[in-house]
Amino acid sequence: PYTIILAPNPSILTGPGTNSVILGGGTEGAIVIDPADDNNKHLDALVRAGEERDGIRRILVTHGHPDHMGGAEALRERLQVPIFAYNRQGVPIADVELADGATLPLGDDTLRAIHTPGHRFDHLCFYLERQRILFAGDLISGITTNVIAPPDGDMFDYMNSLQRLQELDIAEIVPGHGPKIADAQAKIAEYIAHR
């Protein structure tokens, strides 16, 4: 149901790089989550993957850190499509603000925005409702636990966000960094225990 394209931005904070995700297709077109780098080869790969799904029509950003939105502006200029984010305070380049609970149609499924502050005040996860897949941005990592550093990060908010995810029926987590996570609730419980 989705394609992961690894951004060429490996570092101490990003591990092997940021997972840029393409999903959807059909009449609404495809969505890209976190076009993370403005490297032309990366953008070309995103566009190609989108073309296989009837073209990218929307760009979603989980939060305003450069390793998640680094290619959003260049991709918008190339495709003439809007950028969606929680708010313009966190992502000044956003065209459309997505409130907590906002939904986007995606073929026979729905992608729901979930405001999950903690790593950063403007953080969103995206939940593919019928397929029960959580695109977790930097709330959860496939490599290690995530950095919660003030002033952007807030541990109280982070714990509340993790606890909120415990209420969802999640089959799989696709993190912003590292491999996908099959046992979603065990991973969330591990994160809560770790903190």
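Okay, so let's go over this structure. Worth saying up front: this structure is predicted, and the values here are computed from it rather than measured. (Residues numbered from 1 in each chain as written. Predicted model: local features only at pLDDT ≥ 70, side-chain atom pairs only at ≥ 80, totals over all residues. Heavy atoms only, no water.)

Quick word on the pattern of salt bridges
Then comes step 1: Summed over the entire model, instances satisfying the criterion amount to twelve salt bridges.
Then comes step 2: Its salt-bridge partner being D100, residue R164 comes within 3.0 Å of it at the nearest N-O pair. Note that R164 is positioned in helix 4 (residues 155-165) and D100 in the loop between strand 6 (96-97) and strand 7 (103-106), a separation of 64 residues in sequence.
Then comes step 3: In this structure R164 comes out as partly exposed when scored by relative accessible area, which is 31%.
Then comes step 4: Overall, D100 belongs to the partly exposed group, its relative accessible area being 38%.
Then comes step 5: Between R132 and D169 there is a salt bridge, and its shortest N-O distance comes to 3.0 Å. (Salt bridge = Lys/Arg side-chain N within 4 Å of Asp/Glu carboxyl O. Helix = DSSP H or I, 4+ residues; strand = E, 2+ residues; numbered from the N terminus. Buried < 20%, exposed > 50% of the residue type's maximum accessible area, 1.4 Å probe, protein only.)

Some points on the pairing of strand 7
Then comes step 1: Burial along strand 7 is one-sided: L104 and L106 are buried, and none of T103 and P105, which face the opposite way, are.
Then comes step 2: Bridge analysis of strand 7 against strand 8 (residues 109-115) gives four bridges, and the strand direction is antiparallel. What sits directly across from L106, in strand 8, is D109.
Then comes step 3: Counting the residues that bridge the hairpin from strand 7 to strand 8 gives two residues, and of these G107 lies at a positive phi of roughly 60°. (Pairing = 2+ DSSP bridges.)

A few points about the packing of aromatic side chains
Then comes step 1: This structure, assessed with the given rule, holds one aromatic pair.
Then comes step 2: Ring geometry for Y2 and F135: centres 5.6 Å apart, planes at 90°, overall edge-to-face. Note that Y2 is positioned in strand 1 (residues 2-6) and F135 in strand 10 (residues 133-137), a separation of 133 residues in sequence. Taken as a pair, Y2 and F135 share a single burial class, namely buried. (Phe/Tyr/Trp six-rings, centres within 6.5 Å; stacked < 30°, edge-to-face > 60°.)

So, helix 4
Then comes step 1: Among the residues of helix 4, those classed as buried are Y158, M159, S161, L162 and L165. In a view along the axis of helix 4, the buried residues occupy a sector of 160°, so they form one face of it.
Then comes step 2: Each element contacted by the buried residues of helix 4 is listed here: strand 10 and helix 5 (184-194).
Then comes step 3: The opening residue of helix 4 is D154, an N-cap whose side-chain oxygen sits 3.0 Å from the backbone nitrogen of F156. (Arc of directions from axis to C-beta. Contact = heavy atoms within 4.5 Å. Polar contact = N/O pair within 3.5 Å; in protein donor to acceptor, adjacent residues only side chain to side chain.)

What about the environment of P8?
Then comes step 1: Position of P8 relative to the elements: it lies in the loop between strand 1 and strand 2 (19-24).
Then comes step 2: Placed 59 residues apart in sequence, P8 and D67 show a C-alpha to C-alpha distance of 9.9 Å.
Then comes step 3: Sequence-distant contacts of P8, defined by excluding residues within four places in its chain, comprise D37, N39 and H42.

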